[in-house]
Amino acid sequence: SQYSAVDTNPLSVYVMQPIWNKIIKIVPLWIAPNLLTFSGFVMILVNYFLISFYDWDYTASGTSPGLVPTWVWLFSAFTTFCAYALDSIDGKHARRTQSSSPLGELFDHGLDSWATSIFVLSFFSVCSRDNGKTGVSVYTMYIYLSIVLFNFMCSHWEKYNTGVLFLPWGYDLSQVVLITAYLLTGVVGVEVWQKPFLFGYYITDVLVILLIGFSLLLSFPQTLYNIHRAHLKKTLKNGSLYEGLLPLVSPLLLFVLLTVWVVLSPGNILAKQPRLFLWMVGVTFSNVICKVIICQMSSTRPELLHWFLFPLALVVYAAISGLLGWAEEAVLAMFTALVTAAHVHYGVCVGRQLSEHFNIYIFSLKKRIQE
């Protein structure tokens, strides 16, 4: 199916696009677009692991402000900008080199579905977890992450139903806010997040309120409106309501299971291992959404229940019933390793299959030799 995306965001159209159009001119024509996409993703990962190294349990900013060196925050601003730029020019570069392909589209959106959570998890180090005076609680972090992922899911669910990806306004805004936040932290120090900013509210509170407002009042209604418009124009991809709602079943069940674990965990797993738990949330979500993206691209029907839901349900049941006892953290670590490995393996396999099917290399513009 032909890829179509619509971007109506003024920030994107008037400010960012002219910048990307200048940057794209310096990219050599022999570079494969997927290489740009992947480089951006690698930068996000490197940045995430760097911050994790200095601040594993999200307490550095709140308890010992100098613990994360200034250069790390400046490096974060730099990598975030680069990843944002690379993610914005990969499609333009594909059109420029006439190498647009479904493989490229899947590669881009698949990595985005994972990067989305990693951006959020890196940012939590800036505001740090609640220490009684400042910071956000691990539960707020979990809700915050869920809302961001819900937004991501909505735009792809919308594309599954309408065939058009309406780029969410929140994307460009969130990237600019992230880069500014890292720069601010690097220049002024993490203390800037720990002083009330407006009417006794902290900047982090304002950002959380903005995010929730943006999602629930702007993005979600816009998604429903676009689907409704397609319904009126009779351009919907799916005949029945059941088929239209099908891709939402697994993500919603995933959210329910994870929330049950968070709320009923006897060892309070989220407070003990926020970084592991939230990473696992991001990976499982990304895999579930990748399947939806593939169905939407290949016009096939998504399965009702994603296979991750079964081991997860077992683990959650064992945890909340007290069966795991003291081993809950170890089991979380094992489950996280399992889903991360499964997700990477899945990505590699799908990439290989598509690369053979379309007779193209993933990271090179040379054509494959026909067997």
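The rules we used
Residues numbered from 1 in each chain as written. Predicted model: local features only at pLDDT ≥ 70, side-chain atom pairs only at ≥ 80, totals over all residues. Heavy atoms only, no water. UniProt positions renumbered as here; feature names shortened; annotations may be inferred. Helix = DSSP H or I, 4+ residues; strand = E, 2+ residues; numbered from the N terminus. Rg over C-alpha atoms; globule rule 2.2 N^0.38 Å. Buried < 20%, exposed > 50% of the residue type's maximum accessible area, 1.4 Å probe, protein only. Contact = heavy atoms within 4.5 Å. Areas by Shrake-Rupley, 256 points an atom, 1.4 Å probe, with all protein chains shown as cover. Lys, Arg positive; Asp, Glu negative; His and termini not counted. Charge placed at Lys NZ, Arg CZ, Asp CG, Glu CD. Phe/Tyr/Trp six-rings, centres within 6.5 Å; stacked < 30°, edge-to-face > 60°. Lys NZ or Arg CZ within 6 Å of the ring centre and 35° of its normal. Expected span 1.5 Å × (residues − 1). Patch = residues over 30% accessible without salt bridge, like charges linked within 9 Å, V, L, I, M, F, W, Y side chains within 5 Å. Salt bridge = Lys/Arg side-chain N within 4 Å of Asp/Glu carboxyl O. Core = buried A, V, L, I, M, F, W, Y, C linked by side-chain atoms within 4.5 Å. Polar contact = N/O pair within 3.5 Å; in protein donor to acceptor, adjacent residues only side chain to side chain.

The name that an unreviewed UniProt entry assigns to the chain is Ethanolaminephosphotransferase 1, with the source organism given as Anseranas semipalmata. In UniProt, the chain has this text filed under Subcellular location (unreviewed entry): "Endoplasmic reticulum membrane". According to the UniProt record, the Sequence similarities (unreviewed entry) comment for the chain is "Belongs to the CDP-alcohol phosphatidyltransferase class-I family."

## Some remarks on the overall build of the chain
Helix and strand content of the chain: 13 helices and 2 strands. Relative to the compact-globule value of 21 Å for 371 residues, the chain shows a C-alpha radius of gyration of 21 Å, a close match. If you line up the chain on its principal axes, its C-alpha atoms span 60 × 50 × 45 Å. Counting every position in the chain, which comprises 371 residues, the buried fraction comes to 50%. Considering only residue pairs separated by 6 or more positions, the chain has 80% of its internal contacts joining residues 24 or more positions apart. Counting only carbon and sulfur atoms, one obtains 70% of the accessible surface of the chain, whose full area is about 17,900 Å². If you average the places of the 21 positive and of the 19 negative side-chain charges in the chain, the two averages end up 8 Å apart.

## Description of the environment of Ile203
Among the structural elements, Ile203 can be located in helix H8 (residues 203–232). Its relative accessible area of 16% is what places Ile203 among the buried residues. Taking the C-alpha atoms as reference points, Ile203 and Val192, 11 residues apart in sequence, are found 8.4 Å from one another. Discounting residues that sit within four places of it in the chain, Ile203 has contacts with Val192, Trp193 and Phe197.

## Quick look at the UniProt feature "transmembrane region" (unreviewed entry) in the chain
If you check UniProt for "transmembrane region" (unreviewed entry), the listed places come out as residues 26–50, 70–86, 136–154, 199–220, 241–264, 276–294, 306–324 and 330–348 in our numbering. Taken end to end, residues 26–50 is 72% helix and 0% strand, and its first and last C-alpha atoms sit 29 Å apart. Helix makes up 63% of residues 306–324 and strand 0%, with an end-to-end C-alpha separation of 24 Å.

## Digging into the packing of aromatic side chains
Here a ring pair, both rings aromatic, is described through the centre-centre distance and the interplanar angle of the planes. The full count for this structure, using the stated rule, is 22 aromatic pairs. With centroids separated by 6.1 Å and ring planes inclined at 10°, the aromatic side chains of Tyr142 and Phe255 adopt a geometry described as stacked. With Tyr142 in helix H6 (residues 138–162) and Phe255 in helix H9 (residues 241–264), this pair connects stretches of sequence that are 113 residues apart. A residue is classified by how much of its surface remains accessible, and Phe255, at 39% relative accessible area, is partly exposed. Both rings, one in Trp307 and one in Phe308, keep their centres 4.6 Å apart while their planes meet at 80°; by these two values the pair is edge-to-face. For Phe308, a relative accessible area of 2% puts it in the buried group. Each member of the aromatic cluster is reached from another via a ring pair, and the members are Phe41, Tyr48, Phe49, Trp114 and Trp279. Of note, Arg275 hangs over the ring of Tyr58, and the distance from its end group to the ring centre comes to 4.2 Å.

## Points about helix H13 (residues 328–357)
For an α-helix the count is 3.6 residues per turn, leaving residues at separations of three or four pointing the same way. Taking 1.5 Å per residue, 30 residues should reach 44 Å; H13 reaches 43 Å between its end C-alpha atoms and fits that length. Count one or two residues on from H13 and you reach Asn359, which has phi positive near 60°.

## Focus: a nonpolar patch on the surface
Side chains of Tyr242, Leu253, Leu304, Leu305, Trp307 and Phe310 sit close together on the surface and give an oily, nonpolar patch of about 590 Å² of accessible area. With respect to the helices and strands, Leu304 occurs in the loop between helix H11 (274–298) and helix H12 (309–320).

## Brief notes about the pattern of salt bridges
Summed over all chains, the structure comprises 3 salt bridges. A salt bridge links Lys159 to Glu105, with the nearest nitrogen and oxygen atoms 2.8 Å apart. A residue pair is termed long-range when its members are at least 10 positions apart, and Lys159 in helix H6 and Glu105 in helix H5 (residues 102–127) qualify at 54 residues. Considered together, Lys159 and Glu105 belong to a single accessibility category, that of buried residues.

## Remarks on H12
With 12 residues, H12 extends 16 Å between its outermost C-alpha atoms, agreeing within 8% with the 16 Å of an ideal straight helix rising 1.5 Å per residue. Along H12, the residues that are buried comprise Leu309, Leu312, Val315, Val316, Ala318 and Ala319. Summarising the contacts, the buried residues of H12 are in contact with H9 and H13. With its phi angle positive at about 85°, Gly322 sits one or two positions after the end of H12.

## Some points on the nonpolar core
Here is a general trend for soluble globular proteins: nonpolar side chains tend to be buried in one another's company. In terms of nonpolar packing, the biggest core is built from 100 residues, with Phe123, Phe124, Trp261 and Phe277 touching the most fellow members. Broken down by element, the residue count for this core peaks at 14 residues, all from H5. Dropping the residues within four chain positions of it, Phe123 is found in contact with Tyr144, Leu178, Ala181, Tyr182, Trp193 and Leu207.

## Here's the deal with the side chain of Asp55
Inspection of the secondary structure puts Asp55 in the loop between helix H2 (33–54) and helix H3 (60–63). One buried charged side chain, Asp55, makes no salt bridge at all; its nearest oppositely charged neighbour is Arg275, positioned 4.5 Å away. A distance of 3.1 Å separates the side chain of Asp55 from the backbone nitrogen of Tyr58, its partner in a polar contact. There is a polar contact of 2.8 Å between the side chain of Asp55 and the side chain of Ser125. Asp55 has contacts with Ala60, Val68, Ser125 and Arg275, leaving out every residue within four places of it along the chain.

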